[in-house]
Amino acid sequence: MDHRRTKLPFVTKEQLDRICAEYPTPFHLYDERGIRENARRLLKAFSWNKGFKEFFAVKATPTPAILKILHEEGCGVDCSSIIELKMSEQCGFSGSEIMFSSNDTQAREFAYCTKLGGTINFDDYTHIAYYEKNVGPLPETVCCRYNPGGDFLVTNDIMDTPGDAKYGMTYDQLCDAFHYMQTKGVKRFGIHAFLASNVLADEYYPMLARVMFDLAVRLKRDTGIAVSFVNLSGGIGVPYKPKDRPCNIDVIGEGVRRAYAETLVPEGMDNVAIYTELGRFMLAPYGVLVAHAQHEKHIYKEYIGLDACCADLMRPAMYGAYHHITVAGKEDAPLDHLYDVTGSLCENNDKFAVDRALPKIDIGDIVVIHDTGAHGHAMGYNYNGKLRSAEILLCEDGSTRMIRRAETEEDYFATTKDFF
Ligand SMILES: *Cc1c(COP(=O)(O)O)cnc(C)c1O
């Protein structure tokens, strides 16, 4: 396979030269057009479902300008903390546009979600009593997170092991929760499960949907309560590697529709809304980390040192995750050099790539690390006194806009300035 032609960034060298002249590297660059077109594809693929809504997983890219773009495209938000709730509020999200799928949650976080009119997704049975004791009467609409235990199989492959995951409730707990909450005046119920992450198989979401729709039918039989919505959560994958085949969102939407028609509709449950909480699928391919090559080092291996480090993008260091790398203007050059591409942290796992075949890299080259739009800048941190990078939006008209400035020394020292 020809890697050079199969995975190109969304910006050209000419654009990058111009952008880098304006903003110092490193920075994450986002593609507004790609984000909007992808969001429209998702909504179209699920347009057969009247109540469909995507609640973007804020944790993937907690950047106000990005949230506002998704809001304009008709998305809500899925928050995991009070800070994400407050950011969403400031971006104009309110009421039923907000899901709160958190775990090990604090009372003030529950309370803030309720104040905004958002929908709480209870992670555990005991959180219901905790809410009543520490926050107040239950809201009219609630969601409960389900954990089926065991392994989750997609076409005979183990996709994940929910039995080992800290999230969600057992079936019996769900029944108890529904019964109890009904006596406490809850009117609208929903169910949620997140059973696997970054799955490229188009079968995944329809299979998850079938698990959840069967669950909805069983809950109706056992409790008499018909859910109003099923939240399929996140997990749709993106093609990080050149050989990966991207998901076909139309096939996924159609697979979920068929599962719906075969499970819910015969039970008279044909008004159940489908919700999604996608993060990676919505943003990952539409962001890149842009850096310059600043050092080359020849010892037992060949190293290229960037002005970015794993504080800008943690996934390779944390999970050994693959992120494709191209060099601006050398997209068609032969991949005849083997490099470790590193950052400057005093950690030997600070490598964006190990033994990667790349074109010859020269000092000053612009190095583009792909698919950083989700779980990229968001996972940044300050280890080794590294300052978090800026975020730049490549607008639909080709202009650029800074949507988060880089941290400054003053920002870094602010939390200790009174304690020297
Ligand atoms: C992380 C997360 C998501 C988003 O997952 P992706 O893999 O980015 O799609 C959705 N819902 C919940 C509850 C999550 O924790």
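Conventions used here
Residues numbered from 1 in each chain as written. Predicted model: local features only at pLDDT ≥ 70, side-chain atom pairs only at ≥ 80, totals over all residues. Heavy atoms only, no water. Domains from an automatic or database assignment. Contact = heavy atoms within 4.5 Å. Buried area = accessible area lost by both parts, 1.4 Å probe. Salt bridge = Lys/Arg side-chain N within 4 Å of Asp/Glu carboxyl O. Polar contact = N/O pair within 3.5 Å; in protein donor to acceptor, adjacent residues only side chain to side chain. Helix = DSSP H or I, 4+ residues; strand = E, 2+ residues; numbered from the N terminus. Nonpolar A, V, L, I, M, F, W, Y, C, P; charged D, E, K, R; others polar. Near = heavy atom within 4 Å. Areas by Shrake-Rupley, 256 points an atom, 1.4 Å probe, with all protein chains shown as cover. Buried < 20%, exposed > 50% of the residue type's maximum accessible area, 1.4 Å probe, protein only.

1. A short note on the domain arrangement of the chain
Partitioning the chain into structural domains gives domain 1 (3–29 + 285–419) and domain 2 (32–282). Taking only C-alpha atoms into account, the centre of domain 1 sits 32 Å from that of domain 2. Each partner contributes to the interface: domain 1 provides 23 residues, whereas domain 2 provides 24 residues. Summed over the three residues of domain 1 that lose the most area to domain 2, namely Tyr286, His375 and Glu396, the buried surface amounts to 34% of that side. The tally of links from domain 1 across to domain 2 stands at one salt bridge. Glu396 serves as the salt-bridge partner of Arg36, at 3.6 Å between the closest nitrogen and oxygen. Across the contact surface, domain 1 and domain 2 share 11 residue pairs in polar contact (both at pLDDT 80 or more). Among the elements of the structure, α1 (3–6), β18 (390–394) and β19 (400–404) are those that each provide at least two residues to the side of domain 1 that touches domain 2. Taken together, the residues that form the side of domain 1 that touches domain 2 break down as nine nonpolar, seven polar and seven charged.

2. Digging into the site of the ligand
The full set close to the ligand counts 15 residues, and Lys59, Glu277, Gly279, Arg280 and His375 are the nearest of them. The separation between an oxygen atom of the ligand and a polar side-chain atom of Lys59 is 2.6 Å. Asp78 places a side-chain nitrogen or oxygen 3.4 Å from a nitrogen atom of the ligand. The protein chains hide 91% of the 380 Å² of surface that the ligand would expose on its own.

3. Some words on the pattern of salt bridges
Taken as a whole and assessed by the stated rule, the structure comprises 23 salt bridges. In this structure, Glu267 engages Arg221 in a salt bridge whose closest nitrogen and oxygen atoms are separated by 2.9 Å. Residue Glu267 is found in the loop between α10 (249–263) and β11 (273–276), and its partner Arg221 is found in helix α9 (residues 204–223); the two are separated by 46 residues along the sequence. Here Glu267 falls in the partly exposed class, since its relative accessible area comes to 30%. A relative accessible area of 62% places Arg221 in the exposed class. Between Asp418 and Lys417 there is a salt bridge, with the nearest N and O atoms lying 3.8 Å from each other. Taken as a pair, Asp418 and Lys417 share a single burial class, namely exposed. Residues joined in a network through salt bridges with shared partners are Glu32, Arg36, Arg40, Glu72, Glu73 and Glu396.

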